[in-house]
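Take a look at the letters that make up each chain.
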Amino acid sequence: MLILAKAMLAMMIGFITAVVFGLILIPFLKKIKVRQKVSLYLEKAHKSKDGTPTMGGLIFIVPTIITVIILLFMNKIEFSENLFIILFVFIAYALLGFLDDYLSLRRRNNEGLTEIQKLFGQLVIALVFFYIFMRSGGKPTLDIHTLGLEINMGWFYGIFLLFVLVASSNAVNLTDGLDGLAGGLSVISFLAFGLIAWNATWVSGYQDIAIFCFILIGSLLGFLVYNTHPAKVFMGDTGSLALGATLASIAIITNHEVTLIVVAGVFIIETLACIIQMVGLMCFHRKVFLMAPLHHHFEKLGYSESDIVKGFWVVGFILSMLAVGFGVWI
């Protein structure tokens, strides 16, 4: 019951802090004209969104960090090595996304960091994560509990971790295209991993991971107050890169990399749709989808934005609850 009380406290502080911070940040972003320019390909469907403030990821990033500090001072959470690693990934990817958003705004288009620059930044952070993770006692093994398998991947494990972190951060980034879509799916995903980590609190440091997940859930719910349709602010790369990488880092630390495939199922499907579309255009000079990522395909089919978001949330929730049910074994 003690960890339940801590989880509820963490979520409450995160939510209240995010809501209050949003009331301050959004008018400030409007004042300094931090506004998103809608992509040329989406001008018809999303014309009304042109000029909406971006960098809204700060609404859940800053409150999450503040809440962690508050709980540390209250002795409700311990500053474990695992928590340090997660915070490092969370902040580092947020800074990378912030730089990308800043350059896009400065150049007054949607072109911030180049794909190569962004990928290089993601790889550098992932390498630092791998070094800290291994120094703190991490093992180069992939556990598939259902089959009783513990695969020692050796040096290849480093490449595997780099792929998981970079792929996850980009997957959430690609999914962030409709009001509340990426934010809502992230709430569901972190809820799943919060429950999985909670269920494994006998492992040193896992309780702190669970509490962090609930802090972030509260902050994300506060962000969704402003991000659901019609959105008053977009999270931008500042938020999406941080969410994806943090989700991956929690999966790695808790030895549930395989579970991540289920929890992040919607994010993965969105990414696969982009890859399939690209292959179709490059190899066959034909589109497989009306538009990629997949949520834009459904928009082109005539579905409303709210219905698409709700539908994707439902699929994400079903997958995440399946993952929680089997998360101890897979």
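The shown structure was predicted, so the numbers you read here are calculated from the model rather than taken from an experiment. (Residues numbered from 1 in each chain as written. Predicted model: local features only at pLDDT ≥ 70, side-chain atom pairs only at ≥ 80, totals over all residues. Heavy atoms only, no water.)

*Asks:* What am I meant to see in the overall build of the protein chain here?
*Replies:* When you go through the protein chain residue by residue, the secondary structure sums to 13 helices and two strands. The globule rule puts the C-alpha radius of gyration for 330 residues at 20 Å, and the 19 Å found for the protein chain is close to it. Dimensions of the protein chain, computed from C-alpha atoms along their principal axes, come out at roughly 55 × 50 × 35 Å. The burial tally for the protein chain puts 53% of its 330 residues in the buried class. Pairs at least 24 apart in sequence give 76% of the contacts found in the protein chain among residues at least 6 apart. For the protein chain, the exposed surface amounts to about 15,800 Å²; the carbon and sulfur share of it is 70%. Between the mean site of the 21 positive side-chain charges and the mean site of the 19 negative ones, the protein chain shows a separation of 10 Å. (Helix = DSSP H or I, 4+ residues; strand = E, 2+ residues; numbered from the N terminus. Rg over C-alpha atoms; globule rule 2.2 N^0.38 Å. Buried < 20%, exposed > 50% of the residue type's maximum accessible area, 1.4 Å probe, protein only. Contact = heavy atoms within 4.5 Å. Areas by Shrake-Rupley, 256 points an atom, 1.4 Å probe, with all protein chains shown as cover. Lys, Arg positive; Asp, Glu negative; His and termini not counted. Charge placed at Lys NZ, Arg CZ, Asp CG, Glu CD.)

*Asks:* Explain the packing of helix H7 (residues 181-199) against helix H11 (residues 265-284) to me, please; I cannot follow it from the model alone.
*Replies:* For any two helices packed against each other, one specifies the crossing angle of their axes together with the interaxial distance. Across the interface, H7 lies against H11 with an axial gap of 10 Å and an inter-helix angle of 140°. With respect to H11, the axis of H7 lies oblique. On the side of H7, the interface is formed by Leu 181, Ala 182, Leu 185, Ser 186 and Ser 189, while H11 contributes Val 266, Phe 267 and Glu 270. In terms of residue class, the contact of H7 with H11 is made up of five nonpolar, two polar and one charged. (Axes fitted to C-alpha atoms, helices over the stretch in contact; angles between N-to-C directions. Parallel < 35°, antiparallel > 145°, perpendicular 65-115°, else oblique. Nonpolar A, V, L, I, M, F, W, Y, C, P; charged D, E, K, R; others polar.)

*Asks:* Help me out: how do you make sense of the side chain of Asp 237 in this one?
*Replies:* Checked against the element boundaries, Asp 237 lands in helix H9 (residues 236-253). Among the residues examined, Asp 237 registers a relative accessible area of 13% and is labelled buried. Those residues within four positions of Asp 237 in sequence are excluded, and the remaining contacts are Gly 97, Asp 100, Asp 101, Lys 118, Asn 173 and Ala 242.

*Asks:* Could you clarify how one ought to interpret a nonpolar patch on the surface in this entry?
*Replies:* Together, Met 12, Phe 15, Ile 16, Val 20, Leu 23, Ile 24, Leu 221 and Val 225 give the surface a local cluster of nonpolar side chains, amounting to about 700 Å² of exposed area. Ranked by the residues each element gives to the nonpolar patch, the list is headed by helix H1 (residues 2-31), at six residues. With respect to the secondary-structure elements, Val 225 resides in helix H8 (residues 206-227). The partly exposed category is assigned to Val 225, whose relative accessible area is 40%. (Patch = residues over 30% accessible without salt bridge, like charges linked within 9 Å, V, L, I, M, F, W, Y side chains within 5 Å. Salt bridge = Lys/Arg side-chain N within 4 Å of Asp/Glu carboxyl O.)

*Asks:* In this structure, what is going on with the pattern of salt bridges? I would like to understand it.
*Replies:* Between side chains of opposite charge, pairing is possible as soon as their charged atoms come close. Applying the stated criterion across every chain, the model contains three salt bridges. Notably, a salt bridge pairs Lys 118 with Asp 100, separated by 3.2 Å at the nearest N-O pair. Residue Lys 118 is found in helix H5 (residues 115-135), and its partner Asp 100 is found in helix H4 (residues 81-106); the two are separated by 18 residues along the sequence. The burial state of Lys 118 is the same as that of Asp 100; both residues are buried. Several salt bridges share partner residues, and in doing so they unite Asp 100, Lys 118 and Asp 237 into one network.

*Asks:* Is there a simple way to think about the packing of aromatic side chains in this case?
*Replies:* Each aromatic ring pair is described using two quantities: the centre-to-centre distance and the angle formed by the ring planes. Inspection of the entire model under this criterion finds eight aromatic pairs. Geometrically, the ring pair formed by Phe 90 and Phe 212 is edge-to-face, given 5.8 Å between the ring centres and 85° between the ring planes. Within this pair, whereas Phe 90 is found in helix H4, its partner Phe 212 is found in helix H8, the two being separated by 122 residues in sequence. Taking relative accessible area as the criterion, Phe 90 reaches 0% and is therefore assigned buried. For Phe 212, a relative accessible area of 0% puts it in the buried group. Taking 5.8 Å as the distance between ring centres and 75° as the angle between the ring planes, the aromatic pair formed by Phe 298 and Tyr 303 counts as edge-to-face. Judged by relative accessible area, which is 26%, Phe 298 ranks as partly exposed. Taken together, the aromatic side chains of Phe 298, Tyr 303 and Phe 312 make up a single cluster linked through ring pairs. (Phe/Tyr/Trp six-rings, centres within 6.5 Å; stacked < 30°, edge-to-face > 60°.)

*Asks:* Help me understand the packing of H5 against H9, please; the structure alone is not making it clear to me.
*Replies:* Contact pair H5 / H9: the axes reach a minimum separation of 12 Å and the direction vectors enclose 30°. Of the possible angle classes, the one that applies to H5 and H9 is roughly parallel. Regarding H5 and H9, the two cross each other, and that crossing is right-handed. Touching Lys 118, Gln 122, Phe 129 and Phe 133 of H5 are Asp 237, Leu 241, Ser 249, Ile 252 and Ile 253, all from H9. Tallied by class, the residues present in the contact of H5 with H9 amount to five nonpolar, two polar and two charged. (Left-handed = near helix turned anticlockwise from the far one by under 90°.)

*Asks:* Even after reading the chapter, I still don't get the environment of Met 321, so can you show me in this structure?
*Replies:* Along the polypeptide, Met 321 turns up in helix H13 (residues 305-326). For the pair formed by Met 321 and Ala 192, sequence separation is 129 residues and the distance between their alpha carbons is 6.7 Å.

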